[in-house]
Amino acid sequence: MADQQARTSSGDKRPTDIPAIRWEEPPEGPVLALLDQTRLPAEEVELVCTDAAALVEAIRSLAVRGAPLLGIAGAYGVALAAARGFDVAEAARALEGARPTAVNLAVGVRRAESAYHAELARTGDPTAGAVAALAAARALHQEDAEASARMAAHGLALLDELLPGGGHRILTHCNTGALVSGGEGTAFAVALATHRAGRLRRLWVDETRPLLQGARLTAYEAARSGMAYSLLTDNAAGSLFAAGEVDAVLIGADRIAADGSVANKVGSYPLAVLARYHHVPFIVVAPLTTVDLDTPDGASIEVEQRPGFEVTEVMAPQVPVAGPGGGVPVAPLGTQAYNPAFDVTPPELVTAIVTEEGAASPVTAESLAELCATSRRVTAT
């Protein structure tokens, strides 16, 4: 089960004073507390998960979302199941299947599950296994924060190389900030570093249909960070490119195939096409945990299909519920909707993929494999 606790934030150092995710151990047993992203920006409310089933529902409803954070949440979910005495394997499979496109989720789940089983095999003690799973989750959380900082530095350096002189006008899609990360995010972290360096002229924020993660979340983070930003409807991006108002596109990723194909929030692929036509760099920022060398190409990426009511209804916090999906209907009752959560951008449209170990450019299977090999060498030393 899960419950909600409202808290008010203050200050402007972070997008919110409530962490996106945190592990707590009250007297009644450990819980995983999540900032409920479906309620932003109207209110900052925590969703408290006491078991893996509650976390699965939070993931499916997008209360917790974003590739890196899903990996962290998956690892903590395994630790939660272990600590509370549930079937760890069953919980792990349920968590893995909650959002199939996001590879980080499976990576986090498997890392904590492996730590649990290794310690259980060594000691025969499920409690020791639970402790090991929690340690693995906390380590992944810390590693993601460190990776975020390194991605921001690499991304800023790449922008300065591609666009010398500063005054960058950056277009971004969906939400890639601290709300999806153990640190300050992926693509948004690069934009934030550009802002702090005094080289950001304007952040263009796609509203990101149908659930408005750009309008509700990225604009929220940009405002709290004091960035110069403007919100636009997704279908206004073409006119913005045509007017010469975009210097670079920065997006995140939910899965990157071995050939460099990038699955990201639906609407990313049209931006890549526009960027190529208008000779604008199209840059993907993601940790190496998002690179899936076992998925050979874009056609092999399973794209999550979401409920049609997300398209036929407007989902907004604190709006009276009227439709069967919990939102305000904007289409006739019974309208069928096409609602893929992601689209796939081929590598030839991607200028660079920025990771914590540097950038792959041009984007090829060889350049990605080399970055992954570099990461393995660094981890081994």
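The rules behind these values
Residues numbered from 1 in each chain as written. Predicted model: local features only at pLDDT ≥ 70, side-chain atom pairs only at ≥ 80, totals over all residues. Heavy atoms only, no water. Helix = DSSP H or I, 4+ residues; strand = E, 2+ residues; numbered from the N terminus. Rg over C-alpha atoms; globule rule 2.2 N^0.38 Å. Buried < 20%, exposed > 50% of the residue type's maximum accessible area, 1.4 Å probe, protein only. Contact = heavy atoms within 4.5 Å. Areas by Shrake-Rupley, 256 points an atom, 1.4 Å probe, with all protein chains shown as cover. Lys, Arg positive; Asp, Glu negative; His and termini not counted. Charge placed at Lys NZ, Arg CZ, Asp CG, Glu CD. Phe/Tyr/Trp six-rings, centres within 6.5 Å; stacked < 30°, edge-to-face > 60°. 1 Å grid on protein atoms, 1.4 Å probe; cavity = no way out; pocket = protein on both sides within 12 Å on 5 of 7 lines; lining within 4 Å. Points joined across faces, edges and corners; volume = space filled by probe spheres on them. Nonpolar A, V, L, I, M, F, W, Y, C, P; charged D, E, K, R; others polar. Expected span 1.5 Å × (residues − 1). Pairing = 2+ DSSP bridges. Axes fitted to C-alpha atoms, helices over the stretch in contact; angles between N-to-C directions. Core = buried A, V, L, I, M, F, W, Y, C linked by side-chain atoms within 4.5 Å. Polar contact = N/O pair within 3.5 Å; in protein donor to acceptor, adjacent residues only side chain to side chain.

A word on the overall build of the chain. Broken down by element type, the chain carries 11 helices and 17 strands. The C-alpha radius of gyration computed for the chain amounts to 20 Å, which stays within 12% of the reference 21 Å derived for 381 residues, consistent with globular compactness. Relative to its full complement of 381 residues, the chain shows a buried share of 55%. Partitioning the contacts of the chain with sequence separation of at least 6, the portion at a separation of at least 24 is 74%. A total accessible area of about 15400 Å² is found for the chain, and carbon and sulfur atoms account for 54% of it. Distance between charge centroids for the chain: 4 Å, based on 29 positive and 45 negative side chains.

The next subject is the packing of aromatic side chains. Across all of its chains, the model carries one aromatic pair by this definition. Ring centres 6.0 Å apart and planes at 25 degrees place the aromatic pair Trp-23 and Tyr-76 in the stacked group. Of this pair, Trp-23 sits in strand E2 (residues 21–24) while Tyr-76 sits in helix H2 (residues 67–83), and the two are 53 residues apart along the sequence.

Within the structure shown, the criterion is met by one cavity of 30 Å³ or more. Of the pockets and cavities examined, the largest cavity occupies roughly 220 Å³. Every element with two or more residues in the lining of the largest cavity is listed here: H2 and strand E10 (262–265). Looking at the lining of the largest cavity residue by residue, the class counts come to 10 nonpolar, nine polar and four charged.

In this section: helix H7 (residues 213–224). When the terminal C-alpha atoms of H7 are compared, their 16 Å separation across 12 residues agrees well with the 16 Å that a helix rising 1.5 Å per residue should span. Most of H7 sits out of view: 10 of its 12 residues are buried. Taken residue by residue, H7 has Gln-213, Gly-214, Arg-216, Leu-217, Thr-218, Ala-219, Tyr-220, Glu-221, Ala-222 and Arg-224 as its buried positions. Buried-residue contacts for H7 involve strand E5 (168–172), helix H6 (187–196), strand E6 (200–206), strand E7 (229–232) and E10. Taken from the residues just after H7, Gly-226 is the one with a positive phi, measuring 70 degrees.

Estimated volume of the largest pocket: approximately 850 Å³. Forming the boundary of the largest pocket are 31 residues, of which Val-107, Leu-288, Thr-289, Glu-356 and Ser-375 lie nearest the centre. Residue assignment for the lining of the largest pocket shows that the elements contributing at least two residues are H2, helix H4 (103–123), helix H5 (126–162), strand E12 (291–292) and helix H11 (365–380). A per-element tally of the lining of the largest pocket places H4 first, with seven residues.

Our focus in this paragraph is the sheet that holds strand E8 (residues 248–251). Read across the sheet, seven strands follow the order E7-E6-E5-E8-E11-E16-E17 without closing on themselves; strand pairing throughout is mixed. Of all strands in the sheet, those with a lone pairing partner are E7 and strand E17 (358–360), marking the two edges. Taken over all neighbouring pairs, the strand axes of this sheet differ in orientation by 25 degrees on average, direction set aside. Lying over the sheet, helix H9 (residues 268–277) contacts E5, E6, E8 and strand E11 (282–285), oriented at roughly 140 degrees with respect to E11.

Turning to the nonpolar core, a few remarks are in order. In this structure, Leu-32, Leu-34 and Leu-55 are the most contacted members of the largest nonpolar core, which totals 41 residues. With 11 residues, the top contributor of residues to this core is H2. Leave out the neighbours within four places in its chain, and Leu-55 touches Leu-32, Leu-34, Cys-49, Val-64, Ala-73, Gly-77 and Leu-95. Listed in part, the 29 residues of the second largest apolar core include Leu-240, Val-249, Ala-253 and Ala-360.

This paragraph deals with the environment of Ser-268. Assignment of secondary structure puts Ser-268 in helix H9. The spacing of Ser-268 and His-173 is 95 residues in sequence and 6.8 Å in space, taken between C-alpha atoms. Ignoring anything within four residues of it in the chain, the contact list for Ser-268 reads His-173, Ile-251, Phe-282, Asp-343 and Thr-345. There is a polar contact of 2.7 Å between the side chain of Ser-268 and the side chain of Asn-264.

Time to look at the pairing of E8. The side chains of a regular strand alternate between both faces of the sheet. In E8, alternate side chains face the same way, and those of Ala-248 and Leu-250 on one face and Val-249 and Ile-251 on the other are all buried. One ladder, built from three bridges, connects E5 with E8; its direction is parallel. Bridged to Ile-170 within E8 is Ala-248. Pairing of E8 with E11, which is carried by three bridges, proceeds in the parallel orientation.

Here we come to the environment of Arg-216. In this fold, Arg-216 is placed in helix H7. A relative accessible area of 11% means that Arg-216 is categorised as buried. Along the chain, Arg-216 and Pro-41 lie 175 residues apart, while their C-alpha atoms are 5.6 Å from each other. Within the local environment of Arg-216, its side chain forms a polar contact with the backbone oxygen of Leu-40, the two atoms lying 2.8 Å apart. Polar contacts involving the side chain of Arg-216 include one to the main-chain carbonyl oxygen of Leu-211, which spans 3.2 Å.

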